[in-house]
Structures are given as structure tokens and as C-alpha cells.
Protein chains: 2
Amino acid sequence: PAGAPAVQTGLPEIKWRLTSSFPKSLDTIYGGADVLANRLRAITGGKFDIRVFPAGEIVPGLQALDAVQQGTVELCHTCSYYYVGKDKTFGFGTAVPFGLNARQMNAWVMFGGGQQLLDEFYSNYNVVSFLGGNTGVQMGGWFRKPIHSLADVQGLKIRIAGLGGEVFSRLGAIPQQIAGGDIYPSLEKGTIDAAEWVGPYDDEKLGFYKVAPHYYYPGWWEPGPAIHFFVNQTAWASLPKEYQDAFRAAADEANVTMMASYDDKNPQALARLLQNGVKLETYSDEIMQGAYKAAFELYNDEAGKNPAWKKIFTEWDKYRRSQNAWFSVAEATIDRFLQSTR
Amino acid sequence: PAGAPAVQTGLPEIKWRLTSSFPKSLDTIYGGADVLANRLRAITGGKFDIRVFPAGEIVPGLQALDAVQQGTVELCHTCSYYYVGKDKTFGFGTAVPFGLNARQMNAWVMFGGGQQLLDEFYSNYNVVSFLGGNTGVQMGGWFRKPIHSLADVQGLKIRIAGLGGEVFSRLGAIPQQIAGGDIYPSLEKGTIDAAEWVGPYDDEKLGFYKVAPHYYYPGWWEPGPAIHFFVNQTAWASLPKEYQDAFRAAADEANVTMMASYDDKNPQALARLLQNGVKLETYSDEIMQGAYKAAFELYNDEAGKNPAWKKIFTEWDKYRRSQNAWFSVAEATIDRFLQSTR
């Protein structure tokens, strides 16, 4: 007789749904999920098929984590710090004011113990996490009128959420939570004085410069915000090892390519904005120092009452200091020189 | 009758050999090839099996490209700028003096047209290229005695290769080509005055600080040196599409994780070196300005006689200026502030 039929050893067909916290119009940050999904389909000959849904199609953007936790979808692409309302500790996964820059985030999460600390915390939400992008330091927002001092921050109505908003609040500002589409009319009418969004490439599309031409930098509340893929723990455990490995590599690809894409696009967008009359302004040292002091008071207050925060903050703060000491040597010096020669 | 036997649709078993330009002792940079190989084996259930050989086992480290070009091995992990002796244009793939930092290299290669420009050039050598790591800006070398001025550079015997060596030569120094293992005794005896290697983590192992305690920064000849995988064109074309996709993702993983690993390890190594009496010194503005001027004279001279160089240099130089304009805004400002607060 002929030999036994060849055993079909192929890997399973798996269909997952990913809910993004971002609209398609933010093509670079939204695109990180497409990078992951497209690469996984290509690697597996179409068998591991992740369908990406923009914010709002399955659940609203700020409920992406909840949808994964509950198993409504297998995974999401989101910012950990959107969930600081549940627990401020979520801030560390993306950015906290005066925290790590983009390279330092990668170093901390990948090699400095960050991944273990974060996943221990995230396990309370039934998810595992993967770095899946970075925007680099964001800009410091659009202002109708310039601000120079801490006195100018008093009563300032600024559209900003999360820990950055809490720091502004400690400085006497009145942080506002407004959805992306409502920012422009609010700035135009003067219902708010200022609004933060992302950086030149994303900000340009919304046209804020027409109604609030003072464009401040840096966005000190997010020096290197990381975007994450959160995967439901049960779904993750159900994947064949090969698919898990492909996922890890594709997530790293999404991470490095999103940062590179923003770095490619932002210079051109900023140049166009400047041609359109945008006034580039830097936060004064008085405001930076005041915000830094308020931020670390907030961190120490939280450490006094939130063990999860305290555990991560203690390690993170040591790491941050060591990283800044190192980056102040060769990296800062060559960058400063190169920037002086253009 | 029973149905036809199941068709065996599995992907082929492929065994490749990778020659690294690095010894195993440089674990971080050498490890980039292991990251690629291990991930590809895991993704493919062991079918795509790349065996990694340290420098010297198949061919010497500086002949890695030749081995791939000739098909002795399918791929290598190397620095493009090791081959500037064939054509100075190889410099752009890794680093040229006063060029792009690590993030800017990724932006240029991945999104700024760099990949196409480089691969057009590399096609003359029968290879295709993939980013596969970065060290960040390197340190500026170990000196027996401090140097302050361009006059101090006259007659300086410094171990440095490539375009950095050519710039030193234009400043009146006498660049030396010495293998890694011979640097320490040469510094100790005073046969040479100075030597550049990598950064704190790699340099510490060779103990240069015991015989040349003045540790200069920054390594202006390589602001963000990229490591590459070069794959033989025929070998690449023979891969199933699925393996090509897995390779792309795994190379990006090697790229981002090498940078993160160096960023994690260098601060700790520098702290140990300082405890051992190393004297940290910065290149004077006179030397930096002189080297910058000499470098761009070299670039313009080369553009006058080498069309391949001119084609890439013209595009690269525009990109460099735009990147430095952008990085001088938010990134430089937040980094400077963070470094001031530690």
C-alpha cells in the first residue's frame, strides 16, 4: 500500500479583532496597528489574521483596554496613560511628566526591568503588554496668547488630560477634557485658552494655528510617549508559539517604524506651519521648574497612598536619573553641535 | 476511496550561514545577529535556520561583505563603513562624521528615501541591506594626555579607521589601523597617543582607562552608527515570501533592541569607569569646528569625483539639515531640561 497520507502539520487559522484608540486620520499612530497586522498576515501566509478597527467602531477609543480585559476583542492599540483614571500607575506605560524620552523608554521597558514591572501591574487587568510605537516628545500645545510666567498659568483653560492635566491643575490652571473634533471651535470662540494635541504632523491637519498661533514646546508631560498593544491574557496563551514569536517581532517593527515615521514627517510639517505664520515659543524656565516641582510632589503624594505606583516609581526614578546622566554626555553634546551647524 | 492524501503545504527547510564582523566578546553588537537568527527559528518552527559565526571563523571581520557578495555565505552582520576603502559611499550606510544620530538614521533609511539610495549603491556588490542595530553616538576615544586645540592634534597618533581617520588626517593627525587586541599594549607603550573603540560598555572590557585615562566625547565621526545585515541578492530572491517578511520584522527587532540594550548598559559602565578614575573630557569647540570644516571639505572633494557619493550626499545633506532643525526644537529642549534636574 501507499504510505500513510502526509500529516497536515500546518498552523491554525486564527482571526483576531484589534480595537485602536486612534482614528484613521491620525495615520501614523493608527498605522502602528496596521504594521503589526499586515506583517503577521504576511509571515503566516494569511493564517494569523488581525482585523484592525478604528476608535469608535467597536468601542470608543478610551475604552479599548476594557474591551480587551473583558474579552470583547483579543487586543487593542492604545496609550496606557489613557487609563490613569483607574489607577495613576498606568501613566508609566506611556509617559509621565518629565519622564523618559523615546530611547530611554525602550531601554527601560526592554532591558531595565520595565516590562516585568508593567506586566505585573497590567495582570490585574487581564492583559499582557507589548511596546508598539512612540511619537517622540510631543509639542507643548497651541495658545491663543503667549504665557511667560506661573502667574500667566493661573486660571488658564487648557485642553489636556491625564497626569499632565493634574500638574497644570496644581499650578492653578483649569484643565479641560474635550474630544479632538471640538478643540478647534473651542479655541476659536475662546471657550478655552490653549490645547495640546500631538506634534506638527498631526496638529497641522486640525488647523489650530489659525485660531491659536502660539505653538509652545516642549510637551514636558510626555517626553517619549510609548504606544502599547494590550493582548487579553487568555487569547495570548492560546496562540501557537510560532505566532507569539511573530507577534513579538512585528510589535518591535511597529515600535521602531512609528518613531521613524514621525521623525520623518514632523520636520516638514513644522516648516509648513512656520510658513503659515505660526509663532514658535518655548516654555519659560519659571514654568518648566514650577511644573517639574509640582509633578514630583504629585508623584510623592501618590507613592504615599498607592503601593502599585510606589513600586514602579521607585525603580523608574532611579533609572531615569541614570539615563539622564548618560544622555547628558555624548548624546547631548553631539546633538547640540549638529544643531548648531545646520 | 479515501480522499487524496493531504497536500504537504509546509514551507521549506532553509539553512543559512551568517558571518558577523564582530567577536562574541562584543556581546551587544554581536548579539544583534543572534536576535535575528533566534527569532526566525522560533517563528518558523526551526525551518529557517541561520547559523551565526563570529568574526574570523569563516572569514575575517572586515571581509564579511565580500563573503556575501561572492556567495560564500548567504548573509553577514557588519558595518557598511568598514568598506569605505572600496568606495567612500559605504560610509552613509553606517555613519559619516557629523552625520545623523540614531533616530535620524532610522528616519532617513526607513522613510526618507535612504533605503532606496543605499540599495541602489549596494546592488553593485550583489547584496540587499537591512538595518540591524545601532550603538548610538560613540565616545570620542581614550587619550594618554589631554588635547585642547587643533595644534595638539598635529602629529597625534590615534587608532581610528575610515572617514573619521581621514578627517583626523586632514587636521594633521596620523591615523593608525590597529586590531582590537593590539590597542592596549600600543597605548601602554606609547606607540600611539589615543584610540577610539565604541562606548563605555564595550570599552570598559578592554581596560584602556588604565593606560589612557582621558576619555573624550562625543565620537563626532559616528553620531548614530547603524549596523546592517547584508544578504546576497540571489539568496534573498530564493526565500519564500513568508520568510522574507519574517526576516524584515526580525531585523527591525534587532535594530531597536540593540539600541535599547546599549542605552541600558552604557550608563552603568560609565559610572564604574568614573569610579575607577577615568577623566571625562569633551572635545573643545576649536577641535569640533575644525573637524566639521575638514569633514565637509572632504565630502565636497569626494562629490567632485565620485558620482555615487554625490548622489547620496546631496539628498542626505538636505535631510540632515531638516532633521537637525526639528530636533533642535522640542527634543533638544526637553532633554536639556531633564538632564539639568537629575
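All values reported here derive from a predicted model rather than from experimental measurement.

1. Thoughts on the overall build of chain A
Here comes step 1: A count of helical and extended segments in chain A gives 14 helices and 11 strands.
Here comes step 2: Over its C-alpha trace chain A gives a radius of gyration of 21 Å, about what one expects of a compact globule, namely 20 Å for 342 residues.
Here comes step 3: Dimensions of chain A, computed from the C-alpha atoms along their principal axes, are close to 90 × 45 × 45 Å.
Here comes step 4: Counting every position in chain A, which comprises 342 residues, the buried fraction comes to 62%.
Here comes step 5: At a minimum sequence separation of 6, the contacts of chain A that also span at least 24 residues come to 78%.
Here comes step 6: Of the roughly 12,400 Å² of accessible surface on chain A, 50% is carried by carbon and sulfur atoms.

2. A word on the relation of the copies chain B and chain A
Here comes step 1: With an axial shift of 0.0 Å and an RMSD of 0.0 Å, the rotation relating chain B to chain A amounts to 180°. The transformation just described matches what one would write down for a two-fold rotation axis.
Here comes step 2: A symmetric contact is evident, with 100% of the interface residues of chain B recurring at the interface of chain A.

3. Considerations on the sheet that holds strand β5 (residues 142-143) of chain B
Residues and elements named next belong to chain B.
Here comes step 1: Read from one edge to the other, the open sheet built from six strands follows the order β7-β6-β8-β5-β9-β11, with strand pairing classed as mixed. In the strand order of this sheet, the two ends are held by β7 (174-176) and β11 (279-282), each with one partner.
Here comes step 2: For strand β6 (residues 157-159) and strand β8 (residues 194-195), the ladder comprises two bridges, and the chain directions are parallel. Within the sheet, the bridge partner assigned to Arg159 lies in β8 and is Ala195.

4. Structural notes on the packing of aromatic side chains
Here comes step 1: Considering all chains together, one arrives at 80 aromatic pairs over all chains under this definition.
Here comes step 2: Relative to Phe48 of chain A, the ring of Trp16 of chain A lies with its centre 5.2 Å away and its plane at 85°, an arrangement referred to as edge-to-face. One end of the pair, Trp16 of chain A, is in strand β1 (residues 14-20); the other, Phe48 of chain A, is in strand β2 (residues 48-53), with 32 residues separating them in the sequence. Each member of the pair, Trp16 of chain A as well as Phe48 of chain A, is classed as buried.
Here comes step 3: One Lys or Arg, Arg17 of chain B, reaches over the ring of Phe53 of chain B and ends 5.9 Å from the middle of that ring.

5. Considering the pairing of strand β1 (residues 14-20) of chain B
Residue and element names in this part refer to chain B.
Here comes step 1: Counting buried positions over the seven residues of β1 gives five, a clear majority of the element.
Here comes step 2: Sheet topology places β1 next to strand β2 (residues 48-53); six bridges connect them, and they run parallel. Considered in β2, the bridge of Trp16 is made with Ile50.
Here comes step 3: Between the parallel pair β1 and β2, the chain is carried across by helix α1 (residues 27-43), and the sense of this crossover is right-handed.
Here comes step 4: Taken together, the three bridges between β1 and strand β3 (residues 75-78) define a ladder with parallel strand orientation.

6. Thoughts on helix α13 (residues 307-327) of chain B
Here comes step 1: For α13 of chain B, with 21 residues, the first-to-last C-alpha span of 30 Å sits near the 30 Å given by 1.5 Å per residue.
Here comes step 2: For α13 of chain B, every residue scored as buried is listed here: Trp309, Ile312, Phe313, Trp316, Asp317, Tyr319, Arg320, Gln323, Asn324, Trp326 and Phe327 of chain B.

7. Quick look at the confidence of the model for chain A
All names here are of chain A.
Here comes step 1: When pLDDT is averaged along chain A, the result is 96; 97% of the residues meet or exceed 70.
Here comes step 2: Under a pLDDT of 50 for its full length, residues 1-8 has, in the predicted model, nine contacts with residues more than four places off or in other chains.
Here comes step 3: Across the interfaces of the predicted complex, the ipTM metric reaches 0.96, alongside a pTM of 0.96.

8. Section: the interface of chain B and chain A
Here comes step 1: Listed as interface residues are 76 residues of chain B and, on the opposing side, 76 residues of chain A.
Here comes step 2: The contact between chain B and chain A buries some 6,500 Å² in all, and 66% of this surface belongs to carbon and sulfur atoms.
Here comes step 3: Where Asp245 of chain A meets Arg39 of chain B, a salt bridge forms, and the shortest distance between an N and an O atom there is 2.4 Å.
Here comes step 4: There are 16 residue pairs in polar contact (both at pLDDT 80 or more) connecting chain B and chain A.
Here comes step 5: Top element by residues in the side of chain B that touches chain A is helix α11 (residues 241-275) of chain B. It accounts for 20 residues.
Here comes step 6: Residues belonging to the side of chain B that touches chain A are distributed by class as follows: 38 nonpolar, 22 polar and 16 charged.

9. Some details on the pattern of salt bridges
Residue and element names in this part refer to chain B.
Here comes step 1: This structure, assessed with the given rule, holds 42 salt bridges over all chains.
Here comes step 2: Two residues, Lys205 and Asp27, come together in a salt bridge whose shortest N-O distance is 2.7 Å. Of this pair, Lys205 sits in helix α9 (residues 200-206) while Asp27 sits in helix α1; the two residues are 178 residues apart in sequence, bridging distant segments of the chain.
Here comes step 3: Residue classification places Lys205 among the partly exposed positions, given a relative accessible area of 40%.
Here comes step 4: Note on Asp27: relative accessible area 30%, which makes it partly exposed.
Here comes step 5: Here Asp317 and Arg320 are joined by a salt bridge, their closest N and O atoms 2.9 Å apart. With a gap of three residues between them, Asp317 and Arg320 both fall in helix α13, about one helical turn apart.

10. Quick notes on the sheet that holds β1 of chain B
Residues and elements named next belong to chain B.
Here comes step 1: Across the sheet, which stays open at both edges, the five strands sit in the order β2-β1-β3-β10-β4 with mixed pairing between neighbours. Of all strands in the sheet, those bounded by a partner on one side alone are β2 and β4 (127-134). Averaged over all pairs of adjacent strands, the angle between their axes in this sheet comes to 25°, without regard to strand direction.
Here comes step 2: Of the pairings in the sheet, the one linking β4 to strand β10 (residues 226-232) comprises six bridges and is antiparallel in character.

11. Overview of the packing of helix α11 (residues 241-275) of chain A against α13 of chain B
Here comes step 1: Between α11 of chain A and α13 of chain B, the least distance of the axes is 9 Å, while the angle of their chain directions is 80°. With respect to each other, α11 of chain A and α13 of chain B are oriented roughly perpendicular. Residues Asp263, Asp264, Asn266, Pro267 and Leu270 of chain A of α11 of chain A pack against Tyr319, Ser322, Gln323, Trp326 and Phe327 of chain B of α13 of chain B.
Here comes step 2: Of the residues contributing to the contact of α11 of chain A with α13 of chain B, the split by class is five nonpolar, three polar and two charged.

12. Considerations on the environment of Lys157 of chain A
All names here are of chain A.
Here comes step 1: In this structure, Lys157 sits in strand β6 (residues 157-159).
Here comes step 2: What makes Lys157 partly exposed here is its relative accessible area of 35%.
Here comes step 3: Lys157 sits 84 residues away from Lys241 along the chain, and the two C-alpha atoms are 50 Å apart.
Here comes step 4: What Lys157 contacts, discounting residues up to four positions off in sequence, is Ile174, Gln176, Thr191, Ile192, Asp193 and Ala194.

13. Some words on the state of the cysteines
All names here are of chain A.
Here comes step 1: Here the structure, examined in full by the defined rule, presents zero disulfides over all chains.
Here comes step 2: Left unpaired, Cys76 is separated from the closest cysteine sulfur, that of Cys79, by 10 Å.
Here comes step 3: Relative accessible area serves as the criterion here: at 0%, Cys76 is assigned to the buried category.

Rules behind the numbers
- Residues numbered from 1 in each chain as written.
- Chains lettered and ligands numbered in written order.
- Predicted model: local features only at pLDDT ≥ 70, side-chain atom pairs only at ≥ 80, totals over all residues.
- Heavy atoms only, no water.
- Helix = DSSP H or I, 4+ residues; strand = E, 2+ residues; numbered from the N terminus.
- Rg over C-alpha atoms; globule rule 2.2 N^0.38 Å.
- Buried < 20%, exposed > 50% of the residue type's maximum accessible area, 1.4 Å probe, protein only.
- Contact = heavy atoms within 4.5 Å.
- Areas by Shrake-Rupley, 256 points an atom, 1.4 Å probe, with all protein chains shown as cover.
- Least-squares fit on C-alpha atoms with pLDDT ≥ 70 in both.
- Pairing = 2+ DSSP bridges.
- Phe/Tyr/Trp six-rings, centres within 6.5 Å; stacked < 30°, edge-to-face > 60°.
- Lys NZ or Arg CZ within 6 Å of the ring centre and 35° of its normal.
- Right-handed = clockwise from strand over helix to strand, strands pointing away.
- Expected span 1.5 Å × (residues − 1).
- pLDDT = per-residue confidence, 0-100.
- Buried area = accessible area lost by both parts, 1.4 Å probe.
- Salt bridge = Lys/Arg side-chain N within 4 Å of Asp/Glu carboxyl O.
- Polar contact = N/O pair within 3.5 Å; in protein donor to acceptor, adjacent residues only side chain to side chain.
- Nonpolar A, V, L, I, M, F, W, Y, C, P; charged D, E, K, R; others polar.
- Axes fitted to C-alpha atoms, helices over the stretch in contact; angles between N-to-C directions.
- Parallel < 35°, antiparallel > 145°, perpendicular 65-115°, else oblique.
- Disulfide = S-S within 2.5 Å.

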